[in-house]
Amino acid sequence: MKHMTLPDSVMTAPPLLSVENLSVTFRTDSGPLPALDGISLSIRPGETVAVVGESGSGKSVLSLAVMGLLPPTAELTASGLTFDGEDLQAMSKRTRRDLRGRDMAMIFQEPSTALNPVQRIGDQLIEAIRLHEDIPTPKARARAIEALAATGIPSPELRVRAYPHELSGGMRQRALIAMALIHRPRLLIADEPTTALDVTVQAQILDLIRGLARDNGTATLFITHDMGVVAEMADRVAVLYAGRMVETASASDLFESPEHPYTLGLLGSMPQLNQRGEAMLPIAGTVPDLRQMPSGCHFHPRCPIATERCRTEEPKLQALEASQPEGRTLACHHVEEATIL
Amino acid sequence: MIARLLRRAGISLIVLAGVLLIGFLMLQVIPADPAVAIAGPQGTDDEIEAIRRHLGLDQPILLQFVWYISRVVTGDMGQSVINNASVSAELLRAAGPTIELMCAAMIWAVPTALALGILAALRRGGIVDRLVMAVSVMGVSVPVFWVGLLMIQFAARTRAFPIQGRGGPLWTAEGLSHILLPATALGLILVGPVARMTRTTLSDALHADHVRTARAKGASELRVVLNHALRTALLPIITLVGLQVGTLMGGAVVTETIFSWPGVGRLAVGSIITGDYPMAQGAIIFLASAFILVNITVDVLNELADPRIGSRS
Amino acid sequence: MTDATYTGSGSRTWRRLRRNPMVTIALGVLILIALAAIFAPWLTSFDPYETALRQRLKPPSAEHLLGTDSQGRDLLTRLLYGARTTLLIGCAGTAFGALLGGAIGLCAAFYRRLDGVFMRVIDVFLSFPSILFGLSLAAILGPGLDSLIIAVGLSVMPGIARISRGAALSVMAQDYMDSGRSIGLPDRSLLGRYLLANAYPPILTYTTLAFGDAVLLAATLGFLGLGLQPPTAELGSIAAEGRSFLFIAPHVSTAASILIFVIVLSFNLLGDALRDAGDRRAS
């Protein structure tokens, strides 16, 4: 595992991002759609936290909620949502907007559509700079070139004049990363940044993100469905299923001794983590439709150890082994049996 | 890029050739013999025969076609059967007023429609949006002639504006008062479709990925709308407006007829009804060619303006 | 209008349609008018052609619900028969255009070699002012039913060609076309059973919208005098008749125009609702 052990100073520092009991519901013509239900998460400065889940788990909604980019049809409730000690919910729109791009930044999944197609790369970077800093254009341009160079784009002086369609997918993502990190934000949210890229480019981009985050002390919230990426990048992992958090743990703990049946299924479905000869554990069934959420534990229809209690009672996220500084939490009625699997 | 343009121009030329062919065939298919019409009811057979030879009507069809094309290209489209005036001269004289009318209609209708569409897209689902969509559906469904008739009724009651003919150049008071009603009527049919297209295109643009990126950078909503959403939406909108010239032309034909505006449209309709085939042929070919020309121009402008299109193969 | 962003799920579309009140109203109005037009002879006792010059231009009354026209004929009767004619022209023209356009589009999708040329030419014709078709055909064939129907058909044809080509292409991208081909089905079968059967929804939607334009074109040509000649009752020409005495008896032109407007509006609302209901992005 390539993550490094965090120093004690970081471990005891107050969290950079603190999410408590966050719920997001969308208003639609066919009724309210619950996307997130009571999510709690915290990220310490410099830490990389991966949020894992299949599509439909609500992980993208979580990142948009943190950034304040949810559409007007979304209703957000949380008992706590703070960034660097400041209450995001109590903030004015203006202050919130100032945070975006400067203190917290986001990169998205699809680099081919995330850039303005009729604007040159350089101009888009300059805009990102000047939204938060009033510096003259030539200076901004120089910084833009520097930022592009830092992401490993060859001939950045030429690339600044290019249009997005003139760059490859990997280069576009690098440009987007440059744009996101240009103000050295304290939190970077990466929503599946490599999913749309070629396999060969994926590793490069991951390395880039990790390196830049480490250099700038940026905390990263990594959204992904790929356990391999989690193994590469994360210090801590939070597993999301159908809008609820089912397990959190340090990356090493999660891979060594996963607890929740869903986590086990995710890891079991990963070809490379299996010993040769062992059968793979694919997870039966599919992610539930948000409109028809199962009662009780959302996972019970697909869970091999589900009981009557799972169908009726929602399992709360509880801390295991509270003495550990990194803390493990789990939301399952069968804490003991899960480890037997 | 040049290759693409040439290819499109080529296709348009083929269509133009087709139009000319149809125009030529028109004169062949009509039941009336133009020679007889010119000779008049007292014409003797010899006279008719002489006229036929003069018009070249006894030549093989293919030769006639070639001859005809060469004449059209040099600007000679024959004489009106009714008053012997040169068709091309009449057309040139009528072209100005038609262009004037269409421009006058666009000058007020396009900005209005754009404004309405932008407003509707920004307040999507709100009252303004629903109103704009409702008005545009009605605008597309209402017959042009009814709008014209309503205007005439209104004008007659208030005696505010003249309802017939053209009063002079646009920059004179007389000219302006005469163009007001027809330009309003004609413009009204544009507002609906353009507003609706603007609303849809802009609405889509506002939900685009790159707009989300702009918001994530910390851009204000105003900036997002102007610099990012509108910028990418404006291009298809302008193209669509350019293509609305077709609708405008159709409306112009009716509007000119109702308000007795001395344009090509009125000329076309009038000549068909009176059986003045050379004039009808000339007017239709003129209108079709003008339309094709505008199309090509819009295409060229579109190609030049969009940085993406140039490098696509 | 975009090329075919439709979902294959017909039942979902119908469900969404039924929920929309506009659809019910529009459909209801259209059916009402259509029935009234079809059963016109039974609905009114007046003869649409018999003149009664003493009764000219009378305003609406108990005897003549909508008044009389310049020849003393009952206006309501004239409108009902006129609606018949106008709807007939619209129907026949749209059917002709839909068949022609649908065939061209399907062939363009199926026989890729023809695709490029076909579609480029179709594109140019797509935005052609439909009036020009009317003018040309009236000039060639003389004003009358034939030129009207062909003109309407030609104006409808390019749009349908585009839509059917788009729908056909997305259907053809599906696997079951390849499996049909691999078991050796003849082209005719493939085109008919597989392609058409699955590609028809957007064609249907567009045809409904095209119908509105068709009626509008027919009425406009009638108004200009390029359609059926008097005394044939046709909504556009009735409106034109009323033009001469617009100031003393506006009810003739107004009633005819309103009827045209209502018909076209209903078709457009219906077509819009169909398009929105079938649009994948709407959810």
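Residues numbered from 1 in each chain as written. Chains lettered and ligands numbered in written order. Predicted model: local features only at pLDDT ≥ 70, side-chain atom pairs only at ≥ 80, totals over all residues. Heavy atoms only, no water.

A. Fine view of the interface of chain A and chain B. Taken together, the 23 residues of chain A in the interface contact 19 residues of chain B. Summed over both sides, the interface between chain A and chain B buries roughly 2,000 Å², with carbon and sulfur atoms accounting for 59% of that surface. Along the contact surface separating chain A from chain B lie two salt bridges. A salt bridge links Glu 127 of chain A to Lys 217 of chain B, with the nearest nitrogen and oxygen atoms 2.9 Å apart. On inspection of chain A and its partner chain B, the count reaches eleven residue pairs in polar contact (both at pLDDT 80 or more). Among the elements of the structure, helix H4 (111-114), helix H5 (121-130) and helix H8 (169-181) of chain A are those that each provide at least two residues to the side of chain A that touches chain B. Of the residues forming the side of chain A that touches chain B, the biggest block, three residues, is contributed by H5 of chain A. Here the side of chain A that touches chain B is composed, by residue class, of twelve nonpolar, seven polar and four charged. (Contact = heavy atoms within 4.5 Å. Buried area = accessible area lost by both parts, 1.4 Å probe. Salt bridge = Lys/Arg side-chain N within 4 Å of Asp/Glu carboxyl O. Polar contact = N/O pair within 3.5 Å; in protein donor to acceptor, adjacent residues only side chain to side chain. Helix = DSSP H or I, 4+ residues; strand = E, 2+ residues; numbered from the N terminus. Nonpolar A, V, L, I, M, F, W, Y, C, P; charged D, E, K, R; others polar.)

B. Seen up close, the sheet that holds strand S13 (residues 328-330) of chain A. Residue and element names in this part refer to chain A. In space, the eight strands of this open sheet follow the order S7-S8-S9-S3-S10-S11-S13-S12, with mixed pairing throughout. Each edge of the sheet is formed by a strand with only one pairing partner; in this case those strands are strand S7 (104-107) and strand S12 (318-320). For this sheet, the mean angle separating the axes of adjacent strands, direction not counted, is 20°. Across two bridges, the pairing between strand S11 (residues 244-250) and S13 is antiparallel. Among the inter-strand pairings, Glu 247 is bridged to a residue of S13, identified as Leu 330. Helix-sheet contacts for H8 involve S7 and strand S8 (187-191), and the interaxial angle to S7 is about 170°. (Pairing = 2+ DSSP bridges. Axes fitted to C-alpha atoms, helices over the stretch in contact; angles between N-to-C directions.)

C. Region of the structure containing helix H10 (residues 221-243) of chain B. All names here are of chain B. Its 23 residues give H10 an end-to-end C-alpha distance of 31 Å, which sits within 8% of 33 Å, the value for a rise of 1.5 Å per residue. Along H10, the sharpest change in direction is near 50° and occurs at Leu 230. Listed in full, the buried residues belonging to H10 are Val 224, Val 225, His 228, Ala 229, Leu 230, Thr 232, Ala 233, Leu 235, Ile 237, Thr 239, Val 241 and Gly 242. (Expected span 1.5 Å × (residues − 1). Bend = angle between axes of the 7 residues up to and from the residue. Buried < 20%, exposed > 50% of the residue type's maximum accessible area, 1.4 Å probe, protein only.)

D. How the structure looks around the pattern of salt bridges. All names here are of chain A. A complete count under the given rule lists 28 salt bridges over all chains for this structure. The partner of Arg 210 in a salt bridge is Asp 207, with the nearest N and O atoms 2.4 Å apart. You can see Arg 210 and its partner Asp 207 sitting in helix H9 (residues 199-216), three residues apart, about one turn around the helix. In this structure, Glu 314 engages Arg 244 in a salt bridge whose closest nitrogen and oxygen atoms are separated by 3.2 Å. Placement of Glu 314 in the loop between helix H13 (308-312) and S12 and of Arg 244 in strand S11 is noted, with a sequence separation of 70 residues between them. Taking relative accessible area as the criterion, Arg 244 reaches 12% and is therefore assigned buried.

E. Spatial organisation of the interface of chain C and chain B. Contacts between chain C and chain B engage 39 residues on the former and 43 residues on the latter. Taking both partners together, chain C and chain B bury about 3,700 Å²; carbon and sulfur atoms supply 78% of that area. Per-residue buried area on chain C facing chain B is highest for Ile 140, Leu 224 and Phe 261 of chain C; these three make up 15% of the total on that side. On the surface where chain C and chain B come into contact, there are one salt bridge.

F. Main features of the packing of helix H4 (residues 75-110) of chain C against helix H7 (residues 145-172) of chain C. Residues and elements named next belong to chain C. Remark: H4 packs on H7, axes separated minimally by 5 Å, with the N-to-C direction vectors making an angle of 35°. Both H4 and H7 take part in a crossing whose hand is right-handed. Considering only residue class, the contact of H4 with H7 consists of 22 nonpolar, nine polar and one charged. (Left-handed = near helix turned anticlockwise from the far one by under 90°.)

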